[in-house]
Amino acid sequence: MIGDSVQFSVNGKFNPKLFAKKVTLTITPVVKYATGEKALKPLVLVGEKATGSGQKIGYSSGGTFSYASEKFGFETGMRNAIVELRAVGTVKKKEKKFDAVKLADGTLATSLLVRNDEKPSMGKDNFQKSYPANQTTHIYYAMNQSNVRPGEMKSDEMKAFNDFVKVNINSVWYKFNGINVSAYASPDGETDKNENLAKDRAKSGSVAVMSEFSKNKNKNNTFGKTKEQYAVGTTKEDWEGFKSLMEASTMTDKDLILRVLTMYADADQRRKEIKNLSKTYTELADKILPKLRRSEVTIMVDKISRTDDQIVALINTTPDSLSLEELLYGANLVNDVNTKVTVYQNAEKRFASDWRGANNLGGAYLMQNKLTDAEEAFKRADKVANGAPEVSNNMGIIEAKKGNRAVAMELYKKAGGSPEAKYNMGIVNIRDGKYADAVSNFGDFKGHNKALAQFLSGNAGSVKETIDASNEKDAAYCFYLKAVSFARQGNNAEAMTNLKTAIEKDAAWKAYAKDDCEFLKMRAELPQ
């Protein structure tokens with residue numbers, strides 16, 4: 001049996017002086033099983049003087065013949081079948097029927113052991129235990145000055161900055177990690193002076209912010225109150241900032257100024273060329289350069305997310321209070337499939353434009369073996385997924401479950417080579433009789449299906465190693481496959497040991513083994 005079809009071949013030989021010269025012998029192979037029989041295409045052999053077509057057998061010399069049956073669909077009863085040959089000899093108008101001769105016992109149907117445990121692709125959450133919530137404010141300086149003007153500490157941006165600190169400095173939901181101060185000088189002054197100016201601005205900016213933190217008289221709260229907490233950086237001539245502001249401006253000569261930046265790398269030459277544009281330079285001094293004379297103060301803050309226990313508690317009480325990412329993340333924290341379904345239903349209902357809710361709901365339905373519900377969920381996901389490979393893989397599973405293997409394979413390929421899609425392709429490969437392809441698609445996966453593919457590819461010796469390295473190694477079906485592999489290798493003792501273990505774990509394997517031709521030579525020893 002290859003895939004879900006059966007085919008066999010026979011080679012035979014007649015010794016000299018056995019096959020009469022004028023005889024035509026028609027041999028019909030018949031597969032007999034409990035619920036019926038199937039006659040296959042006949043083999044026609046003809047003597048050297050017989051009329052008609054067929055494989056010729058000499059009288060004096062004898063001869064050989066070969067036969068390959070057509071492929072025919074496997075039926076369950078064929079596991080315990082026999083193949084017999086029914087022959088009719090004719091010479092002119094005379095005909096003689098010969099007694100049927102048994103050719104073979106049963107069908108090697110080991111490929112039926114493939115497990116249809118296709119792996120769905122779930123949409124991944126973007127939940128983070130914490131994420132950056134950094135706060136930034138600016139202190140602007142007069143030309144060639146480093147002192148902080150009082151008005152700078154009263155700007156709207158500074159007020160928002162300070163309010164955030166006051167509200168959250170003691171909150172369990174925020175972690176304050178440190179403060180970065182980056183100070184800059186505009187590129188219109190002399191390089192040496194700009195370097196010192198940037199350093200002085202970094203110092204004055206740090207002191208000004210430190211003064212704000214020091215207004216908090218809680219001695220237990222030391223954040224921002226000591227200079228060691230400040231990481232300082234300086235840029236003596238902020239040409240990059242200048243370029244960005246120019247690109248965003250609506251100044252008439254902005255392209256000309258940007259061309260100067262491209263043509264000249266030397267700072268002094270750049271300044272000279274730009275100052276030569278007298279009217280333009282006046283506009284620069286008014287609109288662009290003041291924004292570059294600054295200290296940029298950033299508090300490094302992490303926003304702390306809900307804990308796993310909190311998320312699970314809310315899943316069971318008030319799931320509507322959770323965000324989409326919390327719902328998707330939380331579904332992985334619960335083991336009960338019914339709860340997973342409820343969570344994903346909530347996610348799809350509240351966040352219908354995000355494909356992950358419907359897609360993951362379909363995956364949960366697959367766990368419940370609710371194929372119709374799963375298919376409908378995947379279809380809804382597909383409408384908003386914009387070609388997400390996870391949905392393609394899952395639609396492929398549905399087609400495979402329907403028996404549409406070719407359609408399933410195309411969908412798996414569309415999924416872009418994900419581990420889940422490759423695994424599912426391996427299952428289709430086994431059912432199509434493409435065992436080497438199955439081994440390749442299973443890749444690094446260790447488990448029953450890969451071991452089966454290796455066995456069907458002629459590598460029975462790899463079965464034990466592959467299974468024993470997997471998380472399926474204690475399953476009854478894995479012990480059964482190991483028993484089959486040992487039987488194929490002629491190690492009846494190990495075959496029997498593993499078969500007994502399989503039956504101890506699942507008694508159904510006892511009856512299955514009795515009709516399994518892999519154990520044909522051991523049938524007298526099989527557990528009764």
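Located above this text is the structure these notes cover.
Every chain is numbered independently, its residues counted from 1 as its sequence is written. For this predicted model, a pLDDT threshold of at least 70 governs which residues receive local features, and a threshold of 80 or more governs which side-chain atom pairs are given and counted, while totals over whole chains, interfaces and linings are taken from all residues. Excluded from the side-chain calculation are hydrogens and water; included are all heavy atoms of the structure.

Q: So, empty space enclosed by the protein: which residues are in play, and what are the values?
A: A cavity here means a set of 1 Å grid points, computed over protein atoms only, where a 1.4 Å probe fits but cannot escape. A pocket is an open set with protein on both sides within 12 Å along at least 5 of 7 lines, and lining residues have an atom within 4 Å of a point. Grid points are joined across faces, edges and corners, and a volume is the space filled by probe spheres set on the points. According to the stated counting rule, one finds four cavities of 30 Å³ or more in the structure shown. Roughly 70 Å³ of internal volume is contained in the largest cavity. Lining the largest cavity we find Pro187, Asp188, Trp239, Phe242, Arg270, Arg271, Ile274, Lys275, Tyr281, Leu284 and Leu289. Strands are runs of DSSP state E lasting at least 2 residues, helices are runs of H or I lasting at least 4, and numbering of each runs from the N terminus. Secondary-structure elements contributing two or more residues to the lining of the largest cavity are helix 3 (239-248), helix 5 (267-275) and helix 6 (278-287). As a working rule, the residues Ala, Val, Leu, Ile, Met, Phe, Trp, Tyr, Cys and Pro are called nonpolar, Asp, Glu, Lys and Arg charged, and the rest polar, with Gly in that last group. Looking at the lining of the largest cavity residue by residue, the class counts come to seven nonpolar, no polar and four charged. Estimated volume of the second largest cavity: approximately 50 Å³. As for the second largest cavity, its lining consists of Arg79, Thr107, Ala109, Thr110, Leu113, Tyr512, Asp515, Asp516 and Cys517. A per-class count over the lining of the second largest cavity returns four nonpolar, two polar and three charged.

Q: Kindly report on the nonpolar core, identifying the contributing residues and their values.
A: For the purposes of this section, nonpolar cores are sets of buried Ala, Val, Leu, Ile, Met, Phe, Trp, Tyr and Cys residues that join through side-chain atoms within 4.5 Å. Whether a residue is buried, partly exposed or exposed follows from its accessible area with a 1.4 Å probe, protein chains only, as a fraction of its type maximum: under 20%, in between, or over 50%, in that order. Counting 38 residues, the largest nonpolar core has Ile430, Tyr480, Leu499, Trp509 and Phe519 as the members making the most contacts within it. When residues of this core are assigned to their parent elements, the largest contribution, ten residues, is made by helix 18 (residues 476-488). Residues contacting Ile430, with those up to four places away along its chain left out, are Gly3, Ser111, Val114, Tyr435, Ala438, Phe442, Asn449, Leu452, Ala453 and Leu456. Listed in part, the 36 residues of the second largest apolar core include Val341, Ala374, Phe378 and Ile398. Pairs of residues are marked as contacts when any of their non-hydrogen atoms sit within 4.5 Å.

Q: Residues and numbers for helix 1 (residues 156-168), please.
A: With 13 residues, helix 1 should reach 18 Å at 1.5 Å per residue; the first-to-last C-alpha distance of 18 Å fits that figure. Along helix 1, the residues classified as buried are Met158, Phe161, Asn162, Phe164, Val165 and Asn168. Along the axis of helix 1, the buried residues cluster in a sector spanning 155°; they form a single face. Exposed and oriented more than 90 degrees from the buried face of helix 1 are Asp156, Lys166 and Val167. The inward-facing, buried residues of helix 1 abut strand 13 (135-140), strand 14 (174-184), helix 2 (191-213) and strand 16 (294-304). One fewer than the residue count of a helix, multiplied by 1.5 Å, yields its expected span. An arc is given here, and it is the one of the directions from the helix axis to the C-beta atoms.

Q: Quick one: what's the story with unusual backbone geometry, residue by residue and with numbers?
A: One non-glycine residue with positive phi stands out, namely Lys92, at about 55°. Mapped onto the secondary structure, Lys92 falls in the loop between strand 9 (82-91) and strand 10 (94-97). Judged by relative accessible area, which is 75%, Lys92 ranks as exposed. In this structure, Asn144 takes a positive phi of about 60° despite not being glycine. Relative to the helices and strands, Asn144 is located in the loop between strand 13 and helix 1.

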